[in-house]
Amino acid sequence: METALVDLPTGAYSITIGGGVRDRIAPFVKKLSGVDRCVIITDHTVSGLHLPALTSALSIPHFVAIVPDGEDSKSLTQAAQVYDRLAAERVERSDLIIALGGGVVGDLAGFVAGTWMRGIRFIQVPTTIEAAVDASVGGKTGVNHPRGKNLIGVFYQPSAVFIDTDLLATLPDRDFRAGLAESIKHGLIRDPALLTWHEQNAARILSRDADALTHLIAANCRIKAEVVVADERESGLRAILNHGHTIGHAIEHALAHELRHGECVGLGMIAENHIAAGRGWPIAGDVQRIIDGLAALGLPTRLPRQIEADDIYALCLQDKKVAGGQIRFQLLEAVGRPVSASDVTADEIGGAVAAIAPVSSA
Ligand SMILES: NC(=O)c1ccc[n+]([C@@H]2O[C@H](COP(=O)([O-])OP(=O)(O)OC[C@H]3O[C@@H](n4cnc5c(N)ncnc54)[C@H](O)[C@@H]3O)[C@@H](O)[C@H]2O)c1
Ligand SMILES: [Zn+2]
């Protein structure tokens, strides 16, 4: 078992990682002052697979709200249905929400917790790699609006995060691997040793070795915690977490969600590092290494089909991070040396898209 701390001035919370840590949830909740009841928010798939493992260890009165799987549940409509349930069950300020699931459940349940009665306590129990290494830590919660993802939300920190690696055993391979792209990203922006560790342990990671997963998730949570503590509300440093995401999000939209988010982030990182390499920065010496590292984890390194560079450029311009018509990229001068750039040209984006072109058109 490993732990990490998110040491925010407004209140620290712990992250507990390892096999069987779900059994630590009930003792933790009992120690929180005045919790009378828990509300478990989860989705259909996760409730079928893992709800009994959580509830059998939870010797506290509770009820369960199940939402449909998938991104569509991150909506005001779904939040309203959960609020209706909380109202029917007369959920009070002393009750506690437990988010059991991937990033969708975590973002929705965190948003509901942050807004119900102006905020009730909640804990995150992530069940995907994406949520374990990224979404469950840092307090960004929210739902989507038809005009864009995550447009409605609040910064609202959980009281604790419990990441039980046993629950990751049922993740389909493709989802498991996709989440690892965020882990590579954390290594690239902040921790060269973590990057090397991935290279040396790819087989153990892919076989879901419990010790390897515990180490990987703990390392990621510590990096995310450091960044969040330095900049909780994304007014500066936290933006570096968007490395690979400007082009990554554009690919995600262009392919109408044919690829997983993490797969798009992996491709986005290759493309964005190609831009940085083209500027003559030292990262040039590591671009092939990044490609090999992603490939070793079973992540795609080329687009499944051609996307026009102009389309990617137009989609980058729609990114939330665009300010004054300038696309804000989080590039790397070198591994561990992020830099933000608002002067990336359409030509540079064209070259970057060519670098990840499908094999047939390469
Ligand atoms: N708040 C943040 O800082 C942050 C960061 C990154 C991503 N996100 C958000 O996270 C969301 C994506 O999260 P995700 O990738 O976890 O997707 P997800 O929550 O949609 O989960 C993917 C699928 O896996 C299933 N699943 C979950 N756990 C499982 C398990 N253990 N075994 C088998 N199936 C399981 C789910 O039911 C779902 O069908 C996006 O909405 C994204 O915006 C938020
Ligand atoms: Zn991401």
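Definitions and cut-offs
Residues numbered from 1 in each chain as written. Chains lettered and ligands numbered in written order. Predicted model: local features only at pLDDT ≥ 70, side-chain atom pairs only at ≥ 80, totals over all residues. Heavy atoms only, no water. Buried < 20%, exposed > 50% of the residue type's maximum accessible area, 1.4 Å probe, protein only. Helix = DSSP H or I, 4+ residues; strand = E, 2+ residues; numbered from the N terminus. Pairing = 2+ DSSP bridges. Axes fitted to C-alpha atoms, helices over the stretch in contact; angles between N-to-C directions. Donors = N, O, S within 2.8 Å, 3.2 Å for Na, K, Ca; no water. Expected span 1.5 Å × (residues − 1). Right-handed = clockwise from strand over helix to strand, strands pointing away. Polar contact = N/O pair within 3.5 Å; in protein donor to acceptor, adjacent residues only side chain to side chain. Contact = heavy atoms within 4.5 Å. Phe/Tyr/Trp six-rings, centres within 6.5 Å; stacked < 30°, edge-to-face > 60°. Lys NZ or Arg CZ within 6 Å of the ring centre and 35° of its normal.

Engineer: I tried to follow helix α9 (residues 245-254) on my own but got confused; where do I start?
Structural biologist: An α-helical turn contains 3.6 residues, so a residue and the one three or four places further along point in the same direction. Within α9, seven of the 10 residues are buried, leaving the element largely enclosed by the surrounding structure. Within α9, the full set of buried residues consists of His 245, Thr 246, Ile 247, Gly 248, Ala 250, Ile 251 and Glu 252.

Engineer: Help me out: how do you make sense of the sheet that holds strand β9 (residues 160-164) in this one?
Structural biologist: Hydrogen bonding along the main chain pairs the strands of a sheet, whether they run parallel or antiparallel. Spatially, seven strands are ordered β1-β2-β9-β6-β5-β3-β4 in an open sheet, and the strand pairing comes out mixed. Each edge of the sheet is formed by a strand with only one pairing partner; in this case those strands are β1 (2-8) and β4 (62-67). Neighbour-to-neighbour, the strand axes of the sheet open up by a mean angle of 15°, direction not taken into account. Pairing of strand β5 (residues 96-101) with strand β6 (residues 122-126) involves five bridges; the strand directions are parallel.

Engineer: Can you walk me through the coordination of the zinc ion (ligand 2) in this structure?
Structural biologist: In ideal tetrahedral geometry, four donors around a metal make angles of 109.5 degrees, whereas ideal octahedral geometry with six donors gives angles of 90 or 180 degrees. The zinc ion (ligand 2) binds to the protein through Glu 182 (OE), His 245 (NE2) and His 261 (NE2); the donor distances cover 2.0 to 2.1 Å. Each donor residue of the zinc ion (ligand 2) lies on the same chain, and together they follow the pattern E-x62-H-x15-H. One end of the pair, His 245, is in helix α9; the other, His 261, is in helix α10 (residues 261-278), and 16 residues separate them in sequence. Overall, His 245 belongs to the buried group, its relative accessible area being 7%.

Engineer: Honestly, α10 in this entry has me stumped. Any pointers?
Structural biologist: Compared with an ideal rise of 1.5 Å per residue, which puts 18 residues at 26 Å, α10 spans 25 Å between its outermost C-alpha atoms and is within 8% of the ideal. The buried fraction of α10 amounts to 14 of the 18 residues, a majority that puts the element mostly inside the structure.

Engineer: Any chance you could explain the pairing of β5 here in plain terms?
Structural biologist: On any regular strand, side chains alternate: one points to one face of the sheet, the next to the other face. Most of β5 sits out of view: six of its six residues are buried. Burial along β5 is two-sided: the face carrying Leu 96, Ile 98 and Leu 100 and the face carrying Ile 97, Ala 99 and Gly 101 are both buried. Looking at chain direction, strand β3 (residues 38-43) and β5 are connected through five bridges and run parallel. In the sheet register, Ile 41 faces β5, and the bridge partner there is Ala 99. With helix α4 (residues 103-115) bridging β5 and its parallel neighbour β6, the resulting β-α-β unit is right-handed.

Engineer: So what exactly am I meant to see when it comes to the side chain of Thr 246 here?
Structural biologist: Mapped onto the elements of the fold, Thr 246 is located in helix α9. Of note is the side chain of Thr 246, whose polar atom sits 3.4 Å from the backbone oxygen of Arg 328. Once residues within four sequence positions are removed from consideration, Thr 246 is found in contact with Glu 272, Cys 316, Asp 319, Ile 327, Arg 328 and Phe 329.

Engineer: What's the story with the packing of aromatic side chains in this structure? I'm lost.
Structural biologist: For any pair of aromatic rings, the description rests on two quantities: the centre-to-centre distance and the angle between the ring planes. Within the structure shown, the criterion is met by three aromatic pairs. Measuring from ring centre to ring centre gives 5.5 Å for Phe 28 and Phe 162, while their planes differ by 70°; the resulting arrangement is edge-to-face. Of the two residues, Phe 28 is situated in helix α1 (residues 25-31) and Phe 162 in strand β9; the sequence distance between them amounts to 134 residues. By relative accessible area, Phe 162 is classed as buried at 4%. Here Tyr 83 and Trp 116 contribute two aromatic rings whose centre-to-centre distance is 6.0 Å and whose plane-to-plane angle is 20°, an arrangement assigned as stacked. Linking Tyr 83 in helix α3 (residues 76-88) with Trp 116 in the loop between α4 and β6, this pair joins segments that are 33 residues apart in sequence. Residue classification places Tyr 83 among the partly exposed residues on the basis of a relative accessible area of 21%. Just above the ring of Phe 176 sits the side chain of Arg 208; from NZ or CZ to the centre is 4.2 Å.

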